[in-house]
Amino acid sequence: MSVDLQRLLKPKSLAVIGGGAWGEAVVKQAQAFGFAGQIWPIHPVKPEVAGLPAYQGVPDLPAAPDAAFIGINRDATIGAAERLSKTEAGGAVCFASGFAEAQAEDGLAGDAQTRLLHAAGDMPILGPNCYGFINALDGAIIWPDQHGLSRVDRGVAILTQSSNIAINLTFQARNLPIAMMITCGNMAQVSQAAIMDALLDDDRITAIGVHVEGFTDLTGWEAVAHKAHARDIPIVAIKAGRSEAARAATQSHTASLAGEDTSADALLSFLGIGRVNALPEFLEALKLGHVCGRLDSKHVASISCSGGEASLAADLGQAYGLTFPALTAAQTATLRDVLGPKVALANPLDYHTYIWRDTTAMTAAWSAMVDPAVALTMTVVDVPDLARADPKDWDCAVDAAIGAQEKGGPVAMVSSLPETMPTAVAERLLAHNVAPLQGLAEAMAAAAALTRQAPCEGLLTGTTYDQHIDHGERAAKEMLRSHGLNVPRNALETDPDQIAALNFPVVVKADRIAHKTEANAVILNVRTADDATAALATLPPSGGHNFVEEMAQGGIVELLIAATHDPAHGIMLTIGAGGTLAELWQDTQHLMLPATHEQIDAALGKLRIAPLIDGYRGKPAADRAAIIDQILKLQACVAMQTDGFVEIEINPLICTPTEAVIADALWRQTYPE
């Protein structure tokens, strides 16, 4: 993953290859942004580009450029990259499209990308199919279009595969200091993980936001997550698209339960990276990270002068998984002294308007809401356009927020509407380390995304091949038994003596039918060996050996436990309500493997059927330790066969007061041709 991007992102010389409109724009944008280095346009026939003398080719440059913009067609880009690499240039932005991202439309695109990578060699390249970057810290810019950034001393970095989204984000009006805007294109050579790794070495970067269309370099992502955690730099992700790979296992219940990008969500959680769903949330989360860093918990406080706002804050907070701790005795006493007897004291707090314009009282009240048990205190205040209202009427609120932060913190001043946070107010709050968050829903999403979570280690990934094997149930169970999992004794239909030796009642099953209940391929509660033999004769053809199995007794609850390989994200564990109604329940939790005992236990507790596991209304509880033991053994089993692994599903895992028994299983693999 390690790539030296220092010369490329902080260049002292810039070569611009291509004298068309895009090349001219790169020169003009660099000049307008105050780029202090040398700019060397390259064109084979034009004497000048954008008013600067042009060189005929890369070999004619005065020195190897630190950075280059290659703004010519696909095939010519490959030759230019090779010439730059031979001069030991620091790196290049490849603007042209038509490489691997266009493979579906152009059969030559993949080959073009291979040739580009060979031509570039060790020279870093951004893209292809990308605009480049804007370094607002150092005034370095390779950008062929307009933008809305200004120079800053410190701020957040944003990475996106979409150049158009990047342009839009530069024109954001949410008072977010953006230090770096980097477009990544199709990431032929330099991954987002490699870029983030380089950015984490710059102390001026306060938070990193990454718009992800698809993950590459999973090992690099894991390393970056640990590096960011060690340096306490928040990473916020917005993930687009859907992973069809997570739904590839069409024969299993897991496929229909996994959702469109469940494994991507589980991967980000594994990495300790907060996820948001929309660009406004993305920007507010980065702003909160810039000011307050990562939050210690999901415990928040809210204070406003409106019961309606307090209710909205409570509802939105709950929707984003935030909690509002009850006020302590000390908080209650202070607030009662400040607010008087007519205010109902609670969190969220509606302090009415009795103390409005009394900055001292407002500061005391808001400071009282700041508590060590609360990760973020949010003061809800909407400030109208100051051209149409008297700004002095809101100075008290701004002063109170600043005062509360100085006495404790972290504090955010939240406008319920995105547009009711004037720039002058936001700048003053930022100068005093108060986060000016715009939009109540966006603020709650930001707080949830910024909650500190340590990344896990050792992400399980695998290799898949073109040829598939769908093992029968009995083969799957024998494999699981060999890894220490609890599989009932069974006997093949061809061995009547072993059938007679089983403990009755038993289950009679067809081996190679996935959904047996629907196909009348399973008969339960068979009491004698003769009845078992008769039942076997009624089963539908299955393409395998049918069998008889001892029947689990005393089940409290049925679970679905599965491990599924998504090539884009790794191997995911699904824990959920099982049995024939698994899809109807839609009650699942998802973790990337490996998962710890504590994580598995917590996932079980989050299921809607958790009360059944723990003993519901006087019913006995299932053996929780046995359930977790079976899941951990399944994990160990999967870890030993990642090459070619597709999926193992156990459904149901019958959970009794004393054990957890595998009643049915599915095992899918791939192998090379």
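(A) Spatial organisation of the layout of surface pockets. The computed volume of the largest pocket comes to approximately 980 Å³. Residue lining of the largest pocket: 34 residues in total, with Asp-265, Ser-269, Lys-298, Gln-453 and Lys-606 positioned closest to the centre. Elements supplying a minimum of two residues to the lining of the largest pocket: α9 (262-271), β14 (274-276), α16 (440-449), β27 (588-592) and α21 (597-606). Ranked by residues supplied to the lining of the largest pocket, first place goes to α9 with 6 residues. Here the second largest pocket is characterised by a volume of approximately 700 Å³. Taken together, 38 residues make up the lining of the second largest pocket; nearest its centre are Lys-509, Lys-516, Asn-651, Pro-652 and Asp-664. Take the lining of the second largest pocket: its biggest share by element is 5 residues, from strand β28 (residues 645-655). Per-class residue counts for the lining of the second largest pocket are 16 nonpolar, 9 polar and 13 charged.

(B) Quick look at helix α12 (residues 329-339). Here α12 has its buried residues at Gln-331, Leu-335 and Leu-339. All buried residues of α12 lie within an arc of 40° about the axis, which places them on one face of the element. In α12, the exposed residues that point more than 90 degrees away from the buried face are Ala-329, Ala-330 and Asp-337. Against β16 (349-350) and α13 (359-369) lie the buried residues of α12. Gly-340, located one to two residues past α12, shows a positive phi value of around 85°.

(C) The arrangement of the pattern of salt bridges in detail. Tallying each qualifying case throughout the model produces 31 salt bridges. The residue Lys-86 makes a salt bridge to Glu-82 at a minimum N-O spacing of 3.9 Å. Taken together, the positions of Lys-86 and Glu-82, both in helix α3 (residues 74-86) and 4 residues apart, correspond to about one turn of that helix. Judged by relative accessible area, which is 36%, Glu-82 ranks as partly exposed. In this structure, a network of salt bridges that share partners links the residues Lys-10, Asp-138, Asp-202 and Arg-204.

(D) Focus on helix α10 (residues 279-292). Over its 14 residues, α10 runs 20 Å from end to end, which matches the ideal 20 Å to within 8%, given 1.5 Å per residue. Most of α10 is tucked away: 12 of the 14 residues are buried. Inspection of α10 places Glu-281, Phe-282, Leu-283, Glu-284, Ala-285, Leu-286, Lys-287, Leu-288, Gly-289, His-290, Val-291 and Cys-292 among the buried residues, and these make up the whole buried set. Note on α10: the residue one or two positions beyond its end, Gly-293, has a positive phi of about 70°.

(E) Structural view of a nonpolar patch on the surface. Taken together, the side chains of Leu-581, Leu-584 and Trp-585 define a hydrophobic patch exposed on the protein surface, amounting to about 320 Å² of accessible area. Tracing the sequence through the fold places Trp-585 in helix α20 (residues 582-585).

(F) View of empty space enclosed by the protein. Counted by the stated rule, this structure contains 3 cavities of 30 Å³ or more. Empty space within the largest cavity amounts to approximately 50 Å³. As for the largest cavity, its lining consists of Leu-5, Gln-6, Leu-9, Lys-10, Met-180, Ala-198, Leu-199 and Asp-202. When residues of the lining of the largest cavity are traced back to their parent elements, those giving at least two are α1 (6-9) and α6 (192-199). Here the lining of the largest cavity is composed, by residue class, of 5 nonpolar, 1 polar and 2 charged.

(G) Representation of the packing of α12 against α13 within the structure. One can describe the packing of α12 onto α13 by two numbers: an axis separation of 9 Å at closest approach and a directional angle of 165°. The angle between the axes of α12 and α13 places the two elements in the roughly antiparallel class. Note that α12 runs across α13; the crossing there is left-handed. Each of Gln-331, Thr-334, Leu-335, Val-338 and Leu-339 in α12 lies in contact with α13, whose residues at this interface are Ala-361, Ala-364, Ala-365, Ala-368 and Met-369.

(H) Here's a closer look at the sheet that holds strand β8 (residues 133-135). Strand order across the open sheet formed by 7 strands is β9-β8-β11-β10-β12-β13-β14, with mixed pairing between neighbours. Across the chains shown, the open sheet's two edge strands, defined by having one partner strand only, are β9 (140-142) and β14. Going across the sheet, the axis of each strand differs from the next one's by a mean of 20°, ignoring polarity. Note that strand β10 (residues 155-160) and strand β12 (residues 205-212) share 5 bridges and pair parallel. Residue pairing across strands places Gly-155 opposite Ile-205, the latter belonging to β12.

(I) The sheet that holds strand β22 (residues 506-509), seen in detail. The strand order across the open sheet formed by 4 strands is β21-β24-β22-β23, and the pairing between neighbours is antiparallel. Two strands in the sheet have a free side with no partner beyond their single neighbour: β21 (490-492) and β23 (522-526). In this sheet, neighbouring strand axes are inclined to one another by 20° on average, regardless of whether the strands run parallel or antiparallel. Two elements, β21 and strand β24 (residues 547-550), share 3 bridges in a ladder whose sense is antiparallel.

The rules behind the values
- Residues numbered from 1 in each chain as written.
- Predicted model: local features only at pLDDT ≥ 70, side-chain atom pairs only at ≥ 80, totals over all residues.
- Heavy atoms only, no water.
- 1 Å grid on protein atoms, 1.4 Å probe; cavity = no way out; pocket = protein on both sides within 12 Å on 5 of 7 lines; lining within 4 Å.
- Points joined across faces, edges and corners; volume = space filled by probe spheres on them.
- Helix = DSSP H or I, 4+ residues; strand = E, 2+ residues; numbered from the N terminus.
- Nonpolar A, V, L, I, M, F, W, Y, C, P; charged D, E, K, R; others polar.
- Buried < 20%, exposed > 50% of the residue type's maximum accessible area, 1.4 Å probe, protein only.
- Arc of directions from axis to C-beta.
- Contact = heavy atoms within 4.5 Å.
- Salt bridge = Lys/Arg side-chain N within 4 Å of Asp/Glu carboxyl O.
- Expected span 1.5 Å × (residues − 1).
- Patch = residues over 30% accessible without salt bridge, like charges linked within 9 Å, V, L, I, M, F, W, Y side chains within 5 Å.
- Areas by Shrake-Rupley, 256 points an atom, 1.4 Å probe, with all protein chains shown as cover.
- Axes fitted to C-alpha atoms, helices over the stretch in contact; angles between N-to-C directions.
- Parallel < 35°, antiparallel > 145°, perpendicular 65-115°, else oblique.
- Left-handed = near helix turned anticlockwise from the far one by under 90°.
- Pairing = 2+ DSSP bridges.

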